[in-house]
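# Examining the three-dimensional arrangement
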Amino acid sequence: MRSWLFTLVCIAVGAITYAVMRGVHSEYLFVAGYVVLEFVVLATAWNILGGYCGYVNFGSAAFFALGAYTTIFFHKAYPLPIPLLIALSAVVSGIAGLGMGYLTLRLRGAFFSIATLALAVVLQTLVVNWDYVGGSRGAYVIRPQALSAFGLTIPYVEYLFLLMLALVVIAITTARLIERSRLGFGFATIRDDELAAEASGVPTLRLKLIATTLSGALMGMAGAPFPYYIGYLQPASAFGLEYAVNSIAMPMIGGTGSWIGPLVGALLLGTIQQVATVTISSAVNLLIVGLLLVAFVIIAPNGLVGFVTQRLRAREP
Amino acid sequence: MAEPLLQVDQVGKRFGGFVALDGINLAVAPGERLGLIGPNGSGKSTLVNCICGALHNESGSVRFDGQAIDGMAAHQRTILGLARSFQLPRPFHSLSVAENLHVPLLYAVRARFGSHLSAREINDHCIEYLRLVGLDAKAHKRPRDLTQVEMRKLELARAIAAEPKLLIADESMAGLSHSEVEDILKLLVRLNERGITIILIEHIMSAVMSFSQRLVVLVSGKKIADGDPAEVVRNPEVEKAYLG
Amino acid sequence: MDFPLELLINAVIAGVLLGGFYIAVTVGISIAFGMLDIVNIAHPAFIILGSYIAYIVNAQTGLDPILAGVLMMPVFYVLGAAVYQVYYLSFERRGQEALRGLAFFFGILFITEVGLVLVFGVDYRYVEASYVGPALHFAFIDLPYRLLIPCILSLVMLGVLDLFLSRTFLGRAIKAVSQDQGALALMAANPIRIKRIAFGISIATTALAGAFLIIIQPVEPSVGREYIGRVFAIAVLGGLGSLPGTVIGAMLLGIVESITATFYGPSWAPAVAFGFLLLTLAFRPSGLLGR
Ligand SMILES: Nc1ncnc2c1ncn2[C@@H]1O[C@H](COP(=O)(O)OP(=O)(O)OP(=O)(O)O)[C@@H](O)[C@H]1O
Ligand SMILES: [Mg+2]
């Protein structure tokens with residue numbers, strides 16, 4: 001499928017999703033749906049670096065929080081519309097990703113992963129000690145009740161949901177575009193064998209930096225609307241462990257090979273968690289994610305998508 | 001000799017306290033067919049790694065095609081026209097055999113100054129190189145499904161697909177049958193006739209002797225002989241290194 | 001801000017004592033990451049597990065927490081050996097340790113933390129022992145026993161491990177695993193078995209380190225996260241796999257952290273370790289002693 005056609009299909013699917021959800025007349029559906037979509041963006045972003053290049057980022061929460069705090073910063077300094085804040089967050093988190101990559105990607109892969117763990121804690125400490133963005137107490141964002149544009153009025157939650165839906169389309173088309181391009185080839189060679197990749201002319205460091213920047217930027221974009229969604233942003237919620245674990249678990253469970261895996265994983269796990277948070281406790285629900293992650297990496301290393309395609313292939317004569 | 005294509009000057013490399021290369025000097029003329037031999041662990045692959053940028057030599061310098069390439073990243077050297085095959089094949093496992101060759105075509109050949117390969121030409125080149133090594137029937141297989149011998153052919157084909165000026169083949173023939181060795185030799189000679197300079201590293205002496213115009217011998221990280229193959233093998237020092 | 005000398009000296013001494021304890025925390029990672037090349041980011045989770053076990057034993061039976069830690073070492077050894085077996089079969093053998101192996105340890109880290117939260121909640125837990133409160137005093141210098149005793153015992157543990165690694169056949173085989181598979185073959189040792197034993201030892205050290213931790217400070221499940229940065233900062237700073245390097249790295253981090261906490265407040269302390277780690281990775285990835 002051509003890329004523009006694929007984008008159109010994505011937009012159409014998004015529009016239908018929205019139309020169906022409106023039909024249900026439940027604000028809760030949008031509140032929960034927002035979180036699921038947010039995880040789709042995070043999982044897709046993580047997979048660009050993790051699944052395509054084979055570099056594990058444990059610091060998704062840091063990039064997400066950078067996006068959220070960019071919003072807080074401008075909310076105080078100079079209020080801007082959210083789409084613009086999303087773009088700014090992409091720049092800030094993208095630069096953070098580039099810097100991270102530049103500092104550690106020349107080393108062994110494991111060092112990069114360890115450094116991403118460190119980044120989350122360093123940033124959290126900085127934010128906790130930075131009073132302008134609320135410090136450890138957190139910061140309030142006054143959210144309007146509704147948004148009016150072009151003569152239409154929609155509840156603000158729906159507006160946020162639509163924004164996240166747009167980010168999902170952006171993330172997925174970006175991921176698919178990469179897969180089909182020269183860049184995708186290059187990423188695959190990095191994941192398979194960096195020495196051989198260099199010997200074949202692949203500029204591995206530059207490609208890895210592209211991946212960390214793109215991945216970081218997308219995560220920051222996912223975080224930008226978050227303060228408006230939650231209304232009161234604390235460092236502990238912006239840097240929550242659930243972002244780090246989910247952005248790893250979702251692609252791993254769905255399958256890291258293509259854009260479908262993170263999407264499937266995030267929709268599935270995100271929905272389960274939304275249901276479980278209401279019915280059971282949120283700690284139990286995180287425990288489930290952790291257990292699923294470990295079970296899947298051991299039993300189904302290619303995720304659900306890999307499992308299904310293997311089954312289909314086996315059935316062929 | 002005209003300006004050498006490759007000039008290795010006093011190159012030294014250590015691993016911890018172990019001296020793997022000790023002041024190696026080597027010049028390779030454009031169009032030459034050079035054989036490089038030496039007992040196991042004598043430093044042949046290490047020399048290749050230093051020339052191609054997979055390892056960084058602590059001392060000495062390397063010039064390629066009239067330009068110092070010390071400190072240059074490995075991929076830039078490949079783009080300049082320096083390709084190598086790995087002694088232990090390192091295919092890209094998640095790509096098909098054909099896609100393995102697309103990588104150097106997309107990243108090395110296309111990045112070269114003045115090169116305008118279309119997607120179609122890339123495909124044609126890829127098929128041509130697969131045919132050269134006799135892997136055209138396996139184009140859509142994964143490297144895991146290949147035999148060891150086919151894996152070596154793929155390794156060689158991927159180096160050829162970088163369309164280099166200098167090709168270094170590091171033991172591409174180990175484990176091949178007699179007729180397969182002949183096929184690969186013929187292929188290398190044909191490439192050489194197209195103007196590609198070739199360094200062949202090999203343990204099969206008959207192959208080295210029939211291929212090489214000049215023979216270099218490494219022993220314990222030192223070059224102990226360099227010259228006409230027939231003379232070099234009669235060199236008492238070389239005989240001693242191989243027999244004693 | 002002025003730096004009163006007495007405060008500074010006390011901060012440095014507290015840092016040295018803290019550094020001693022950090023040796024116990026890190027020595028396992030120096031073995032697992034430095035010698036076996038296993039990036040066990042769940043190491044701190046095992047330490048916290050050790051703390052909670054020391055807490056339970058202490059609260060139920062009144063047994064000394066350190067003694068409890070020592071008694072738990074064989075159990076943790078078996079746990080570690082079992083974890084390695086799973087890791088080997090599922091990842092190392094398939095060559096997937098880079099992506100899935102890391103995710104596996106991350107999952108273990110996460111499950112342990114959340115599991116502890118579910119069982120014990122997020123309240124801080126502490127142990128009772130005669131040496132938790134008092135301190136030795138020399139002039140203006142304070143030497144709290146709760147820091148002094150873990151420090152000394154950590155050094156003892158390090159000494160024992162060092163002797164084991166350099167003097168016994170098994171120890172030398174463990175060192176060889178990281179450097180030279182060929183030498184290992186000459187010693188007729190099975191590398192998988194050697195690695196399993198070494199990883200078991202690495203986890204066994206966390207039983208004791210966990211007991212030390214809960215003597216030094218009250219513990220809740222997420223404390224482990226702070227230690228991720230610490231253990232890797234020290235291990236990398238010390239030049240992976242080098243025990244003397246580990247000592248230097250641990251002391252250095254202990255002192256810097258202690259001075260920071262004394263003069264700038266404890267809220268900056270976590271960033272010190274992680275900042276150290278980032279700087280080391282960026283500028284000195286082969287460690288302080290490395291070339
Ligand atoms: N990365 C490395 N670290 C430590 N020692 C190394 C490394 N690479 C090679 N060596 C050592 O350097 C020496 C030379 O190795 P090299 O692979 O260059 O030999 P070779 O001539 O290619 O041998 P062979 O004919 O077996 O391929 C050997 O003793 C080897 O053990
Ligand atoms: Mg060799």
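Keep in mind that what you see is a predicted model, and the values were worked out from it rather than measured.

The rules behind each value
- Residues numbered from 1 in each chain as written.
- Chains lettered and ligands numbered in written order.
- Predicted model: local features only at pLDDT ≥ 70, side-chain atom pairs only at ≥ 80, totals over all residues.
- Heavy atoms only, no water.
- Helix = DSSP H or I, 4+ residues; strand = E, 2+ residues; numbered from the N terminus.
- Rg over C-alpha atoms; globule rule 2.2 N^0.38 Å.
- Buried < 20%, exposed > 50% of the residue type's maximum accessible area, 1.4 Å probe, protein only.
- Contact = heavy atoms within 4.5 Å.
- Lys, Arg positive; Asp, Glu negative; His and termini not counted.
- Charge placed at Lys NZ, Arg CZ, Asp CG, Glu CD.
- Areas by Shrake-Rupley, 256 points an atom, 1.4 Å probe, with all protein chains shown as cover.
- Buried area = accessible area lost by both parts, 1.4 Å probe.
- Salt bridge = Lys/Arg side-chain N within 4 Å of Asp/Glu carboxyl O.
- Polar contact = N/O pair within 3.5 Å; in protein donor to acceptor, adjacent residues only side chain to side chain.
- Nonpolar A, V, L, I, M, F, W, Y, C, P; charged D, E, K, R; others polar.
- Near = heavy atom within 4 Å.
- Pairing = 2+ DSSP bridges.
- Core = buried A, V, L, I, M, F, W, Y, C linked by side-chain atoms within 4.5 Å.
- Domains from an automatic or database assignment.

## Section: the overall build of chain B
- Helix and strand content of chain B: 9 helices and 10 strands.
- Rg of the C-alpha trace for chain B: 18 Å, near the compact-globule value of 18 Å for 244 residues, within the 12% margin.
- C-alpha atoms of chain B, sized along the principal axes, occupy 50 × 40 × 35 Å.
- Taking all 244 residues of chain B together, the buried fraction comes to 54%.
- Within chain B, contacts between residues separated by at least 24 positions form 66% of all contacts whose residues are at least 6 apart in sequence.
- Positive and negative charge centroids in chain B, built from 28 and 28 side chains respectively, lie 4 Å apart.

## Considerations on the overall build of chain A
- Along the backbone of chain A there are 15 helices and 4 strands.
- Since a compact globule built from 317 residues should have a radius of gyration of about 20 Å, the 19 Å found for chain A is in line with a globular shape.
- Within chain A, the fraction of its 317 residues that count as buried is 58%.
- Restricting the contact set of chain A to residue pairs at least 6 apart, pairs at least 24 apart contribute 77%.
- Summing over all exposed atoms, chain A offers an accessible surface of approximately 12,700 Å²; the carbon and sulfur share of this is 70%.
- Of the charged side chains in chain A, 16 are positive and 11 negative; the average position of the first set lies 4 Å away from that of the second.

## Observations concerning the interface of chain B and chain A
- Listed as interface residues are 22 residues of chain B and, on the opposing side, 19 residues of chain A.
- Interface area, chain B with chain A, both sides summed: about 1,800 Å², of which 64% is carbon and sulfur.
- At the boundary of chain B and chain A, one finds 1 salt bridge.
- A salt bridge links B:Arg90 to A:Asp193; the nearest nitrogen and oxygen atoms lie 2.7 Å apart.
- For the interface between chain B and chain A, the tally reads 10 residue pairs in polar contact (both at pLDDT 80 or more).
- Contributions of two or more residues to the side of chain B that touches chain A are made by α2 (74-80) and α3 (97-109) of chain B.
- Here the element with the most residues in the side of chain B that touches chain A is α3(B); it accounts for 7 residues.
- Across the side of chain B that touches chain A, the residue classes tally to 12 nonpolar, 5 polar and 5 charged.

## Things to note about the site of ligand 1
Residue and element names in this part refer to chain B.
- Around ligand 1, a shell composed of 14 residues is seen, among which Asn40, Lys44, Ser45, Thr46 and Gln87 lie nearest.
- Here an oxygen atom of ligand 1 sits 2.7 Å away from a polar atom, N or O, in the side chain of Gln87.
- Coverage of ligand 1 by the protein amounts to 62% of the 630 Å² it exposes when considered alone.
- For the shell around ligand 1, the secondary-structure elements that each account for two or more residues are β2 (18-28) and α1 (44-52).
- In terms of residue count, the dominant contributor to the shell around ligand 1 is α1 (3 residues).
- Classifying every residue of the shell around ligand 1 by side-chain character gives 4 nonpolar, 8 polar and 2 charged.

## A few points about the pairing of strand β7 (residues 166-170) of chain B
All names here are of chain B.
- Summarising burial for β7: 5 of the 5 residues are buried, a large majority.
- In β7, alternate side chains face the same way, and those of Leu166, Ile168 and Asp170 on one face and Leu167 and Ala169 on the other are all buried.
- With 4 bridges joining them, strand β6 (residues 82-85) and β7 adopt parallel strand pairing. In the strand pairing of β7, Ser85 is matched with Ala169.
- Taken together, the 5 bridges between β7 and strand β8 (residues 197-201) define a ladder with parallel strand orientation.

## Looking at the interface of chain A and chain C
- If you look at the interface, chain A gives 40 residues, while chain C gives 40 residues.
- Of the roughly 3,600 Å² buried where chain A meets chain C, counting both sides, 82% is carbon and sulfur surface.
- The largest per-residue losses of area from chain A upon contact with chain C belong to A:Phe111, A:Ile114 and A:Leu241, which jointly make up 15% of the total buried on that side.
- Our count for the contact surface shared by chain A and chain C stands at 0 salt bridges.
- The interface formed by chain A and chain C holds 3 residue pairs in polar contact (both at pLDDT 80 or more) in total.

## Notes on the arrangement of the chains
- With 2 pairs of chains in contact overall, the greatest share of contacts is found between chains A and C.
- With no contact between them, chain B and chain C keep their nearest C-alpha atoms 10 Å apart.

## Some details on the nonpolar core
- The biggest cluster of nonpolar side chains holds 257 residues, and the ones touching the most others in it are C:Phe105 and C:Phe232.
- Here this core spans two domains, since at least three of its residues come from each of domain 1 (1-81 + 166-244) and domain 2 (91-163) of chain B.
- Formed by 26 residues, the second largest nonpolar core is a distinct cluster that contains B:Val11, B:Val48, B:Cys50 and B:Ile51.

## Some words on the domain arrangement of chain B
Residue and element names in this part refer to chain B.
- Segmenting chain B into domains produces domain 1 (1-81 + 166-244) and domain 2 (91-163).
- Look at where the C-alpha atoms of domain 1 and domain 2 centre, and you get two points 23 Å apart.
- Counting residues at the interface gives 16 residues for domain 1 and 14 residues for domain 2.
- Regarding the contact of domain 1 and domain 2, the summed buried area is about 1,300 Å², with carbon and sulfur atoms giving 69% of it.
- Remark: the boundary between domain 1 and domain 2 carries 2 salt bridges.
- Two residues, Glu180 and Lys153, come together in a salt bridge whose shortest N-O distance is 3.7 Å.
- Applying the counting rule to domain 1 against domain 2 returns 5 residue pairs in polar contact (both at pLDDT 80 or more).
- Mapped by element, the contributors of at least two residues to the side of domain 1 that touches domain 2 are α2, β7 and α6 (178-193).
- If you tally residues by element for the side of domain 1 that touches domain 2, the top one is α6, at 5 residues.
- In the side of domain 1 that touches domain 2, the residues fall into 8 nonpolar, 4 polar and 4 charged.

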